[in-house]
Amino acid sequence: MNEIIEMKDILKDWQKQFPILSRYSSTSLYMKADLVLLGLKLEKVFSTVYRPTLICLPLWEKSKKTIPIFWCELLDNNELQFDIKYQLHNYLFPAAIECAKKQFGFVFKEEILLSDLFFSLDKYLSRCLLEHDPLILYRLFEFKLAIALYFDDVKLMDNIKIEIEKESKLWEPERFKSLFEKSIEEWKDDLYRKFENRNTFIEQLNLNVLDKKISKLKSAHLLL
């Protein structure tokens, strides 16, 4: 007879493997890393199946219901989505952890090299054929500008804007407008305006970190 396993027990197993993460919700574990939350969400695929996913959420936005900056689903050794049935959790967990430590292990520690993070993201996006998709990249560009503003690095900010200008030339204008209800140029203007005032940015960031659930999380740091 198969043992009945509940999500709370599954979550505990994942937390033991990545102790820097803390329970954030009934299906997620997070840590705060300067200007973002980083963690694992055990996405329910079906009522008895979950999929581990690396999630990054911004801490500089006013709304709590925010779109993730990025998410990377755990892949198995065949580079397929690693879906796990609750009843097979104990059997599949060792293999899932091995894959998770290879794919996400460099993230779940006290110091995270941003070069490693973006290298892994580029690798993941190219593997999923999402390299030049504005629907994915627009949040990543926000993240990069936020990093430059957070570290008060003018040169980095200029380099990221050059990258945005170069990448946005590869996008199809009509598709972009249908997705975002604005032109690429309008989007860029709004984006640059959003990250021009560091004092406002830091003020909102500090306010969000005081949130009861977020303040209890363990801390890590992003390194340029």
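Look above for the structure.
The structure presented is a predicted model; accordingly, all values stated were derived computationally and were not measured.

Rules used throughout
- Residues numbered from 1 in each chain as written.
- Predicted model: local features only at pLDDT ≥ 70, side-chain atom pairs only at ≥ 80, totals over all residues.
- Heavy atoms only, no water.
- Helix = DSSP H or I, 4+ residues; strand = E, 2+ residues; numbered from the N terminus.
- Rg over C-alpha atoms; globule rule 2.2 N^0.38 Å.
- Buried < 20%, exposed > 50% of the residue type's maximum accessible area, 1.4 Å probe, protein only.
- Salt bridge = Lys/Arg side-chain N within 4 Å of Asp/Glu carboxyl O.
- Contact = heavy atoms within 4.5 Å.
- Axes fitted to C-alpha atoms, helices over the stretch in contact; angles between N-to-C directions.
- Parallel < 35°, antiparallel > 145°, perpendicular 65-115°, else oblique.
- Nonpolar A, V, L, I, M, F, W, Y, C, P; charged D, E, K, R; others polar.
- Polar contact = N/O pair within 3.5 Å; in protein donor to acceptor, adjacent residues only side chain to side chain.
- Expected span 1.5 Å × (residues − 1).

**A word on the overall build of the protein chain**
Alright, step 1. Summing up its helical and strand segments, the protein chain has nine helices and eight strands in all.
Alright, step 2. Its C-alpha atoms give the protein chain a radius of gyration of 19 Å, near enough to 17 Å, the size a compact globule of 224 residues would have.
Alright, step 3. Oriented by its inertia axes, the alpha-carbon framework of the protein chain measures out at about 60 × 40 × 30 Å.
Alright, step 4. Every one of the 224 residues in the protein chain was classed for burial, and the buried ones make up 46%.

**Side note on the pattern of salt bridges**
Alright, step 1. One pass over the full model with this rule turns up 14 salt bridges.
Alright, step 2. In this structure, E61 engages K194 in a salt bridge whose closest nitrogen and oxygen atoms are separated by 3.4 Å. Of the two residues, E61 sits in the loop between β4 (49–58) and β5 (70–73) while K194 sits in helix α7 (residues 184–194), which places them 133 residues apart along the sequence.
Alright, step 3. The network of salt bridges with shared partners includes E61, R139, E142 and K194.

**Overview of the environment of W60**
Alright, step 1. For W60, the position within the fold is in the loop between β4 and β5.
Alright, step 2. Exposure remark for W60: the relative accessible area of 6% places this residue in the buried category.
Alright, step 3. Counting along the chain gives 48 residues from W60 to F108, while the straight-line C-alpha distance between them is 21 Å.
Alright, step 4. W60 has contacts with L35, V36, I69, E142, F143, A146, K194, F195, F201, Q204, L205 and N208, leaving out every residue within four places of it along the chain.

**Some thoughts on the packing of helix α3 (residues 114–127) against helix α4 (residues 134–150)**
Alright, step 1. At their nearest, the axes of α3 and α4 sit 13 Å apart, and the two run at 170° to each other. Comparing the axis directions of α3 and α4 gives the class roughly antiparallel. Facing L114, L117, F118, L121 and L125 of α3, the residues of α4 in contact are I136, L137, L140, F143, K144 and I147.
Alright, step 2. Considering only residue class, the contact of α3 with α4 consists of ten nonpolar, no polar and one charged.

**Quick look at the side chain of E61**
Alright, step 1. What makes E61 buried here is its relative accessible area of 16%.
Alright, step 2. Of note is the side chain of E61, whose polar atom sits 2.9 Å from the side chain of R139.
Alright, step 3. Beyond its immediate sequence surroundings of up to four residues, E61 is in contact with T66, R139, E142, K194, Q204 and N208.

**Brief notes about α4**
Alright, step 1. Its 17 residues place the ends of α4 24 Å apart at the C-alpha level, agreeing with the 24 Å of an ideal helix rising 1.5 Å per residue.
Alright, step 2. Of all 17 residues in α4, 15 are buried; the element is thus mostly enclosed.
Alright, step 3. Positive phi shows up at D152, right after α4, with a value of about 55°.

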